[in-house]
Amino acid sequence: MNYDYLIREINRSYPLRIEQIRLHREMIGGVYFAEGGGKRYVLKIYRSFKTADALQSVRILDYLEAHSYPAVTVLRTAGQESHILLEAQDGLQAAVLFRYAEGATPDGIAEAEVIGQQT
């Protein structure tokens, strides 16, 4: 993905001034670190056929945050959307911008048990 294109699209869609972006890892899509104004963000770009999965992830994170469970914050665009769509060779890709959270990688199994116990 072209970094200049990513920076332009993020700054066009979000009330931020991203100055640089770099790839963190490529797995089921790309995870990027974006920085600007002394702040750091995480941009997750899903493959074009994973848009439904991306939006489901956003709904889950919104639910967890609404129920006071510590979850990463999904940043909203200037139009209050949870994601943007980026042009790619194989179609449109959903991109979600998150607030960067310092800390250790959580134990997914232990965290899932706690979530499953809440009613």
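Please refer to the structure placed before this passage.
Remember, predicted model here, so these are calculated numbers, not experimental data. (Residues numbered from 1 in each chain as written. Predicted model: local features only at pLDDT ≥ 70, side-chain atom pairs only at ≥ 80, totals over all residues. Heavy atoms only, no water.)

Engineer: How should the environment of I18 be read in this particular structure?
Structural biologist: Counting through the fold element by element, I18 comes out in the loop between α1 (3–13) and β1 (20–27). Classification of I18 by relative accessible area gives buried; the value is 5%. Sequence separation between I18 and R8 is ten residues, and the spatial gap between their C-alpha atoms is 8.4 Å. Excluding residues that lie within four positions of it along the chain, I18 makes contacts with I7, I10, N11, A34, E35, G36 and Y41. (Helix = DSSP H or I, 4+ residues; strand = E, 2+ residues; numbered from the N terminus. Buried < 20%, exposed > 50% of the residue type's maximum accessible area, 1.4 Å probe, protein only. Contact = heavy atoms within 4.5 Å.)

Engineer: Explain the pairing of strand β5 (residues 91–99) to me, please; I cannot follow it from the model alone.
Structural biologist: Each regular strand displays side chains that alternate between the two surfaces of the sheet. Examined bridge by bridge, strand β3 (residues 39–45) and β5 share five bridges and lie antiparallel to one another. In the sheet register, Y41 faces β5, and the bridge partner there is R99. Two elements, strand β4 (residues 84–88) and β5, share five bridges in a ladder whose sense is antiparallel. Counterpart to L85 in the pairing with β5 is A94. Connecting the antiparallel pair β4 and β5 is a turn made up of two residues. (Pairing = 2+ DSSP bridges.)

Engineer: Quick question: what am I supposed to make of the sheet that holds β1 here?
Structural biologist: Strands pair in a sheet through their backbones, by hydrogen bonds, and they do so in one of two ways: parallel or antiparallel. Pairing within the open sheet is antiparallel, and its five strands lie in the order β1-β2-β3-β5-β4. In the strand order of this sheet, the two ends are held by β1 and β4, each with one partner. On average, adjacent strands in this sheet sit at an angle of 30° to one another, irrespective of strand direction. Most of the contacts of α1 go to β1, to which it runs at about 110°, and overall it touches β1, β2 (29–36), β3, β4 and β5. (Axes fitted to C-alpha atoms, helices over the stretch in contact; angles between N-to-C directions.)

Engineer: I tried to follow the packing of aromatic side chains on my own but got confused; where do I start?
Structural biologist: Each pair of aromatic rings is reported with the distance of its centres and the angle of its planes. Inspection of every chain in the model, using the stated rule, returns two aromatic pairs. Pairing Y3 with Y32 gives two aromatic rings, centres 6.1 Å apart and planes at 90°, and the pair type is edge-to-face. With Y3 in helix α1 and Y32 in strand β2, this pair connects stretches of sequence that are 29 residues apart. A relative accessible area of 33% places Y3 in the partly exposed class. Using a relative accessible area of 6% as the deciding quantity, one classes Y32 as buried. Ring centres of F33 and Y100 lie 5.7 Å apart, and the angle between their planes is 80°; on these two criteria the pair is classed as edge-to-face. Of this pair, F33 sits in strand β2 while Y100 is found in the loop between β5 and α3 (108–117), placing the two residues 67 residues apart along the sequence. Among the residues examined, F33 registers a relative accessible area of 10% and is labelled buried. Over the face of the ring belonging to F33 we find R40, whose NZ or CZ atom lies 4.3 Å from the ring centre. (Phe/Tyr/Trp six-rings, centres within 6.5 Å; stacked < 30°, edge-to-face > 60°. Lys NZ or Arg CZ within 6 Å of the ring centre and 35° of its normal.)

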